[in-house]
Amino acid sequence: MTVRRLRPHATTIFSEVTQLAVRYGAVNLGQGFPDTDGPPSMIEAAVRAMREGHNQYPPGTGVPELRHALVAHETAHTGLVHDPDTEVLVTVGATEAIAGAVLGLVEPHDEVAVIEPSYDSYAATVAMAGATRRPARMVRSGDRFRLDVDSLRAAFSPRTRAVLVNSPHNPTGAVLPREDLEQIAALCREFDAIAISDEVYEHLTYDDNEHVSIATLPGMSERTLRISSAGKMLNCTGWKIGWVTGPAGLIAGVRTAKQYLSYTAGTPLQLAVAHALSHEDEWIRALRVQMQDRRDQLVGILTGLGVDLAVTQGTYFLTADPRPLGVTDAASWCLELPEKVGVAAVPFAPFTDTYSAEWSHLVRFAFCKRPEVLAEAGRRLQGLAT
C-alpha cells in the first residue's frame, strides 16, 4: 500500500488525460511534448555513439563531453561560470534534478516555499522528503501573470530551507520579470534559503520577453541550483537528459541523492546532447521562432471560439478560461473533451492545492505541435461553438 505522504500524488493528470486521448483518438494538447524531432545532427550523433560502443555506464556525474558543453553553453547565455567537475551534474531529466535537490538538501523538519500553480512533481518531491510545503501564488495582473510577493513573504519563515522557482512558468506561460526575481532573491538572502530554479523553458520566450536566471542576481550564484533539460531545449523529451548547475557544496547534496535514484543517464544520448549544445545554437534559436508562430496559431483558434486567454510569454502553454463557452467546472470539462470533440487539454486544478479555488476555471493547452495538428485541433474544437 502506498505510504500516506504519497497517496495524494498516486496519479497524475497527464497520464489520465493522455489515456483518454489515446482511447478516443483525440489530438493531445494536454501533455507538453513536441511532435517533431530535434536537430538531425544530434540524432546522428546518438546513433554514431551507439555504433562506436558507447553503451555502458557513464560517470555518475555525466560524461565529460556533456559537462564541458553545459558549462560553455551556460556561460554564453547567462555569464555564469562553473567547474565542470564539481559544479555540474547530469540527471535523468529535470524532474530527477528537482527531486535530487530536495531529497539531498532538505531535512524532514524543513519547509519549502512552492509557488502555485506549480508543476505537479514539486509537491510530490517535497512529500517524499518529509518536509513541509509552504504555498505562495501567482496572480493575474492585467492580461498576464505575476508573482504575488506578499504571499511569498508569508511562505518564508526561519524554517525555510528552499524555494522552488519556475520561470518561464509552467503552467501559466509567464516569464517572471527581474523585479519579481529580485523579491525572491531578497527573501532567500534574508532567510538563508536556497533557490531551486527550474529553467527548462529558458530558450522558449516570445515577443520582447527575455529569460533572466535568478542565479545571476546579486548574492544568488552561491545559493542557487539552476536546472534545465535537453527535452525542452532540443525536442527530445523521451531522452530524459537533464542537468543541474550550482556551487559545489549544493551539487554534492544533489549528487548524493541522485546516485541512489538512477545513478546515471544514457551514455550515447548524453554524447548526442553534448554535440547539439556545441553545434546547434542556430537550431535552438529557430525553435523559439517556430514555437511563437504555433502559439499565435493556437491563440487564433481559441479566441475565435470566444475563449478568454492570458498572454503567454514563454513555455509551450496557453492559459485558457472556457467560461464564455458555458463551462463551470474545468476539470470535468477536460475529462469530457477527448470524447466530446476529440481534443485533449488539462485543467489547472492539479497544479494547485492551497489556492485551488482561484484556478479551478482555467485550462492549459499545449501548442508544441505541428501546424497541421493544431489546425486539426481547431477544426474539431469548432464543435464547441455549436
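Residues numbered from 1 in each chain as written. Predicted model: local features only at pLDDT ≥ 70, side-chain atom pairs only at ≥ 80, totals over all residues. Heavy atoms only, no water.

In the nomenclature of an unreviewed UniProt entry, the protein is known as Aminotransferase of Dietzia natronolimnaea. Database annotation for the protein, UniProt heading Cofactor (unreviewed entry): "pyridoxal 5'-phosphate". Under the Sequence similarities (unreviewed entry) heading, UniProt states for the protein: "Belongs to the class-I pyridoxal-phosphate-dependent aminotransferase family." (UniProt positions renumbered as here; feature names shortened; annotations may be inferred.)

S.K.: Before we go on, may I ask you to explain the UniProt feature "domain: Aminotransferase class I/classII large" (unreviewed entry) in the protein in this structure?
M.R.: In the numbering adopted here, UniProt assigns the feature "domain: Aminotransferase class I/classII large" (unreviewed entry) to residues 27-368. End C-alpha to end C-alpha, residues 27-368 measures 12 Å, and it is 40% helix and 19% strand. (Helix = DSSP H or I, 4+ residues; strand = E, 2+ residues; numbered from the N terminus.)

S.K.: Whenever I open this one, unusual backbone geometry confuses me. Can you help?
M.R.: Of all residues except glycine, most have a negative phi; of all peptide bonds, most are trans. In the segment running from E116 into P117, the intervening peptide bond is cis, with an omega of -5°. Mapped onto the fold, P117 is located in the loop between β3 (111-116) and α5 (121-129). Backbone torsion omega between S167 and P168 reads -5°, so that peptide bond is classified as cis. Residue placement: P168 occurs in the loop between β6 (160-166) and α7 (178-191). The backbone of K240 shows a phi angle near 55°, a positive value even though the residue is not glycine. Among the secondary structure elements, K240 is positioned in the loop between α8 (230-233) and β9 (241-245). If you check the backbone angles, T315 has positive phi at about 75° while not being a glycine. One can find T315 in the loop between β10 (308-309) and β11 (317-321).

S.K.: Please clarify how the sheet that holds β11 should be interpreted in this entry.
M.R.: Within a sheet, adjacent strands bond to each other through the backbone by hydrogen bonds, running parallel or antiparallel. Spatially, 4 strands are ordered β10-β11-β14-β13 in an open sheet, and the strand pairing comes out antiparallel. Every interior strand has two partners, whereas the edge strands, β10 and β13 (346-347), have only one. Summarising the sheet, β11 and strand β14 (residues 363-366) pair through 4 bridges and their orientation is antiparallel. Bridge pairing in β14 places A320 opposite V363. The strands touched by helix α11 (residues 281-305) are β10, β11 and β14; relative to β11, the strand with the most contacts, the crossing angle is about 10°. (Pairing = 2+ DSSP bridges. Contact = heavy atoms within 4.5 Å. Axes fitted to C-alpha atoms, helices over the stretch in contact; angles between N-to-C directions.)

S.K.: How should the pattern of salt bridges be read in this particular structure?
M.R.: For the structure on display, the rule yields 26 salt bridges. In this structure, the salt-bridge partner of E116 is R133, at a minimum N-O distance of 3.8 Å. Within this pair, whereas E116 is found in strand β3, its partner R133 is found in strand β4 (residues 132-141), the two being separated by 17 residues in sequence. You can call E116 buried: its relative accessible area is 2%. Through salt bridges that share partners, E74, E199, E202 and R226 make up one connected network. (Salt bridge = Lys/Arg side-chain N within 4 Å of Asp/Glu carboxyl O. Buried < 20%, exposed > 50% of the residue type's maximum accessible area, 1.4 Å probe, protein only.)

S.K.: What exactly am I supposed to notice about the domain arrangement of the protein here?
M.R.: The accessible area lost on association of the parts is a frequent measure of interface size. When the domains of the protein are assigned, the result is domain 1 (4-38 + 282-384) and domain 2 (40-280). Buried area between domain 1 and domain 2, both sides added, is near 4000 Å², and the carbon and sulfur share of it is 55%. Broken down residue by residue, the surface that domain 1 buries against domain 2 is led by I284, R288 and Q313, which jointly contribute 20%. Connecting domain 1 to domain 2 are 5 salt bridges. Notably, a salt bridge pairs R140 with D308, separated by 3.9 Å at the nearest N-O pair. (Domains from an automatic or database assignment. Buried area = accessible area lost by both parts, 1.4 Å probe.)

S.K.: Please explain the packing of α11 against helix α14 (residues 371-385) as it appears in this structure.
M.R.: Two quantities define a packed helix pair, namely the angle between the helix axes and the distance between the axes. At a minimum axis separation of 9 Å, α11 and α14 run at an interaxial angle of 10°. When the axis of α11 is compared with that of α14, the two are roughly parallel. Seen from α11, the contacting residues are R294, Q297, I301, L302 and L305; seen from α14, they are P371, L374, A375, G378, L381, Q382, L384 and A385. The class makeup of the residues in the contact of α11 with α14 is 9 nonpolar, 3 polar and 1 charged. (Parallel < 35°, antiparallel > 145°, perpendicular 65-115°, else oblique. Nonpolar A, V, L, I, M, F, W, Y, C, P; charged D, E, K, R; others polar.)

S.K.: Hey, could you run me through the pairing of β4 in this one?
M.R.: The side chains of a regular strand alternate, residue by residue, between the two faces of the sheet. Pairing of β3 with β4 involves 6 bridges; the strand directions are parallel. Bridged to E116 within β4 is R137. Where β4 meets strand β5 (residues 144-147), 4 bridges bridge the pair, whose relative direction is antiparallel. Following the sheet pairing, M138 is matched in β5 by L147. Joining the antiparallel neighbours β4 and β5 is a turn of 2 residues, in which G142 adopts a positive phi near 70°.

S.K.: In this structure, what is going on with the sheet that holds strand β8 (residues 224-229)? I would like to understand it.
M.R.: One open sheet accounts for 8 strands, arranged β2-β9-β8-β7-β6-β3-β4-β5; its pairing is mixed. Strands at the two margins of the open sheet, each flanked by one partner only, are β2 (88-92) and β5. When strand polarity is set aside, the average angle formed by the axes of neighbouring strands in this sheet is 25°. Of the strands in this sheet, β2, β8 and β9 touch helix α3 (residues 64-78), which is tilted by about 110° from β2. Here helix α9 (residues 248-258) sits on the sheet in contact with β2, β7 (194-198), β8 and β9, set at roughly 30° to β2.

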